[in-house]
Amino acid sequence: MMRFLSFLALALLLPFGQARAQGLDIGVVTGNEAALPIAVVPMPYLGTSVAPDTDIAAVIRADLNRSGQFRALAEQDVIEKPIRGSEIKFPTWRVLRQDFVVVGRVLDNPDGGYRVEYELWDVAKQERLLGLAVGGRARGMRDVSHQIADQIYEKILGVRGAFWTRIAYVTANGVGNNIQYSLMIADSDGFNPQTVVRSREPLLSPAWSPDGRKLAYVSFERGNSTIYIQEIATGAREVVASFKGINGAPNFSPDGTRLALTLSRSGNPEIYVMDLASKNLTQVTRHWGIDTEAVWTPDGRSLIFTSDRAGKPQLYQVPAGGGDASRLSFQGDSNAKASISFDGKKIAMAQGNGNVYRIAVLDRSFGGAGRWQTLSPGNLDESPSFAPNASMLLYATKEASRGVLYAVSADGRVRQRLVLADGDVREPAWSPYRQR
């Protein structure tokens, strides 16, 4: 059982320390000097009511910096502050060596909210690339900022941005026998945390539905592990697996109709697929080893899972309907907890060498055995989760006595720490895109 749980969630082997349910503090720890320079000029409020609390330009700046693809000019270095394209003095931005400049202003909307009108300009060509308006209520101005950052990212790079997304994670509050666990969701940058469920017993393995409206997770509140699916908006939830033995590691299929999970109902932990409409189960693996942590390939035809059938945890791939499994990971002493990019080309995992565990990515687009890259520098890094555009990953690690999350760019050049204030956080899961 202990060996299986080490695959399912290190959270049980490495207990949470003292925690308080607070927001996530953020700090960029590394940067990318080769990133595209972009200036995001402050966007003043020009309305007649109360200005929004959110600094729109600051949020956009932070988003673009975090991606690793951009290097936003620090606000104190913005020496001119145009709010319209007609006011831009391009020689100034060329001297500052900026490739792009973003200008804008915040206005009142007739519905009582705000409207941000902004423009994206190519400095060298003196050409306007975007000129759009995005509206929102006072409490939703961070969402507006993330949407603008997404639009800028997509216009310049040709890839949809993933700033207006969410993350899920598990926290703990208290010590010893008085720990309270919480399943949380927050914006992709850690702001606006919300509690989905609280429990005196451990919560594990949050997994998003493809539409972003539900979370599957494991709870021990019944004494035994039980898999729930919960609607985020309403709080309504249902038990989907509460069999004798282990019920763990849920993961939604790409179309949301099926759930991969680990069950030991036959005596040994195996991978199953549940049809969520009928609750019918299909047993996918049949092996004496421990099989767990299954995730779907983007086409929904295969599962990649963790198994110790070769002696130590490694990743394998198997048809979703069952059949022979093939081993995928051959580098490192062990590999576990896979996350797959949206195009299926990259597989992130927690890779162990001796007592050191780091996040590694196998890029299969290079053919053959693929190309390996280590993205994290820690000693106990775990639970990688790709952003929906695969530009970044979340992962969990330990720093001193606290559990923290990091976001790292896919090339490993930029890392940003998201730390739960005064406590621990683990089990991160990046949401799918929101519907725009």
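Fair warning: this is a prediction, and the values are worked out from it, not measured in the lab. (Residues numbered from 1 in each chain as written. Predicted model: local features only at pLDDT ≥ 70, side-chain atom pairs only at ≥ 80, totals over all residues. Heavy atoms only, no water.)

**Description of the environment of valine 361**
Inclusion rule: Put simply, DSSP marks the helices as runs of H or I at least four residues long and the strands as runs of E at least two long, and each gets a number from the N terminus on. Using a 1.4 Å probe on the protein chains alone, a residue whose accessible area is under 20% of its type maximum counts as buried, one over 50% counts as exposed, and one in between counts as partly exposed. Here a residue-residue contact requires only that any non-hydrogen atoms of the pair lie within 4.5 Å.
Relative to the helices and strands, valine 361 resides in strand S24 (residues 356-363). Taking the relative accessible area as the measure of exposure, valine 361 reaches 6% and is therefore buried. Each C-alpha atom of the pair valine 361 and arginine 371 lies 8.1 Å from the other, and the pair is 10 residues apart in sequence. Contacts of valine 361, omitting those with residues within four sequence positions, involve Lys346, Ile347, Ala348, Arg371, Trp372, Gln373 and Leu375.

**Looking at the domain arrangement of the chain**
Worth spelling out the cut-off: All the domain ranges listed were derived from an automatic or database domain assignment. Accessible surface is computed with a 1.4 Å probe, and the buried area is the amount of it that two parts give up when combined, taken over both parts together. We define a salt bridge as a contact between a side-chain nitrogen of Lys or Arg and a carboxyl oxygen of Asp or Glu at a distance within 4 Å. The definition of a polar contact used here is a pair of N or O atoms within 3.5 Å, where within protein one atom must be able to donate a hydrogen and the other to accept one, and adjacent residues in sequence count solely through side-chain atom pairs. Here the nonpolar group is Ala, Val, Leu, Ile, Met, Phe, Trp, Tyr, Cys and Pro; Asp, Glu, Lys and Arg are the charged ones; every other residue, Gly included, is treated as polar.
The domains assigned to the chain are domain 1 (36-157) and domain 2 (165-433). Relative placement of domain 1 and domain 2: their C-alpha centres are 35 Å apart. Listed per partner, the contact involves 10 residues of domain 1 and 12 residues of domain 2. Across the domain 1 to domain 2 interface the summed buried area is about 890 Å²; carbon plus sulfur atoms make up 46%. Residue arginine 142 is joined to aspartate 189 by a salt bridge in which the shortest nitrogen-to-oxygen separation is 2.7 Å. Here domain 1 and domain 2 share 3 residue pairs in polar contact (both at pLDDT 80 or more) between them. When residues of the side of domain 1 that touches domain 2 are traced back to their parent elements, those giving at least two are helix H2 (56-67) and helix H4 (141-157). The residue inventory of the side of domain 1 that touches domain 2, partitioned by class, reads 1 nonpolar, 5 polar and 4 charged.

**Things to note about the sheet that holds strand S17 (residues 281-283)**
The line we're drawing: We treat two strands as partners when DSSP finds at least two bridges between them. Here the axes come from fitting lines to C-alpha atoms, over the contacting stretch only for helices, and the angles between their N-to-C directions go from 0 to 180 degrees.
Read from one edge to the other, the open sheet built from 4 strands follows the order S14-S15-S16-S17, with strand pairing classed as antiparallel. Only two strands of the sheet have a single neighbouring strand rather than two, namely strand S14 (247-252) and S17. Taking the axes of each pair of neighbouring strands and ignoring which way they run, one obtains an average angle of 25° across the sheet. Pairing of strand S15 (residues 258-263) with strand S16 (residues 270-275), which is carried by 6 bridges, proceeds in the antiparallel orientation. Across the sheet, the residue bridging to threonine 262 is isoleucine 271, located in S16.

**Details of the nonpolar core**
For the record, the criterion: We define the nonpolar core as a collection of buried residues of types Ala, Val, Leu, Ile, Met, Phe, Trp, Tyr and Cys that are connected through side-chain atoms lying within 4.5 Å of one another.
Core analysis: the biggest nonpolar cluster contains 27 residues, and Ile38, Met43, Ile60, Ile148 and Ile152 have the highest contact counts within it. Secondary-structure elements contributing two or more residues to this core are strand S2 (36-40), H2, strand S3 (70-72), strand S4 (100-108), strand S5 (114-122), strand S6 (127-136) and H4. Excluding residues within four positions of it along the chain, isoleucine 60 makes contact with Val40, Met43, Ser145, Ile148, Ala149 and Ile152. Val170, Tyr181, Ile185 and Leu203 belong to the second-largest nonpolar core, a separate cluster that totals 16 residues.

**Describing the sheet that holds strand S10 (residues 203-208)**
Strand order in the open sheet formed by 4 strands is S10-S11-S12-S13, with antiparallel pairing between adjacent strands. Each end of this open sheet is capped by a strand with a single partner; those strands are S10 and strand S13 (237-241). Recorded for the sheet is a direction-independent mean angle of 25° between the axes of neighbouring strands.

**Focus on unusual backbone geometry**
Despite not being glycine, lysine 337 has its phi angle at roughly 60°, a positive value. Secondary-structure assignment places lysine 337 in strand S22 (residues 334-340). Phi is positive for alanine 390, close to 65°, though the residue is something other than glycine. With respect to the helices and strands, the residue alanine 390 is situated in the loop between strand S26 (382-386) and strand S27 (392-399). On the basis of relative accessibility, which here comes to 12%, the residue alanine 390 falls in the buried class.

**A few points about the packing of H2 against H4**
Heads up, the condition is: Should an angle fall under 35 degrees it is taken as roughly parallel, and over 145 as roughly antiparallel, whereas 65 to 115 is taken as roughly perpendicular and any remaining angle as oblique. Here a crossing is called left-handed whenever its near helix is offset anticlockwise from the far helix by less than a right angle, and right-handed whenever the offset is clockwise.
For the pair H2 and H4, the least separation of the axes is 9 Å and the interaxial angle reads 45°. As far as their axial angle goes, H4 and H2 are oblique. The hand of the H2/H4 crossing is right-handed. Along the contact surface, H2 presents Ile56, Val59, Ile60, Asp63, Leu64 and Ser67, while H4 presents Met141, Arg142, Ser145, His146, Ile148, Ala149, Ile152 and Tyr153.

**Quick look at the environment of alanine 186**
With respect to the element layout, alanine 186 can be found in strand S8 (residues 180-187). For alanine 186, a relative accessible area of 2% puts it in the buried group. Sequence separation of alanine 186 and isoleucine 83 is 103 residues, and the distance between their C-alpha atoms is 31 Å. Residues contacting alanine 186, with those up to four places away along its chain left out, are Thr165, Arg166, Ile167, Tyr169, Phe191, Asn192 and Pro193.

**Structural notes on the packing of aromatic side chains**
Two aromatic rings, taken as a pair, are described by how far apart their centres are and by the angle between their planes. Heads up, the condition is: A pair of aromatic rings is counted whenever rings of Phe, Tyr or Trp (Trp by its six-membered ring) have centres within 6.5 Å, and the orientation is called stacked for planes under 30 degrees apart, edge-to-face for over 60 and tilted otherwise. Ring-over charges, as used throughout, are those where CZ of Arg or NZ of Lys falls within 6 Å of the ring centre and within 35 degrees of the ring normal.
Across all of its chains, the model carries 7 aromatic pairs by this definition. Geometrically, the ring pair formed by tyrosine 217 and tyrosine 228 is stacked, given 5.7 Å between the ring centres and 20° between the ring planes. Remark: tyrosine 228 occurs in strand S12 (residues 226-231) and tyrosine 217 occurs in strand S11 (residues 214-219); sequence separation between them is 11 residues. In this structure tyrosine 217 comes out as buried when scored by relative accessible area, which is 1%. By the ring-pair criterion, three or more aromatic residues cluster together here, those being Phe70, Tyr153 and Phe163. The lysine or arginine in question, arginine 160, covers the ring of tyrosine 433, its NZ or CZ lying 3.9 Å from the ring centre. The ring of phenylalanine 243 has arginine 265 lying over it, and the distance from NZ or CZ to the ring centre is 4.6 Å.

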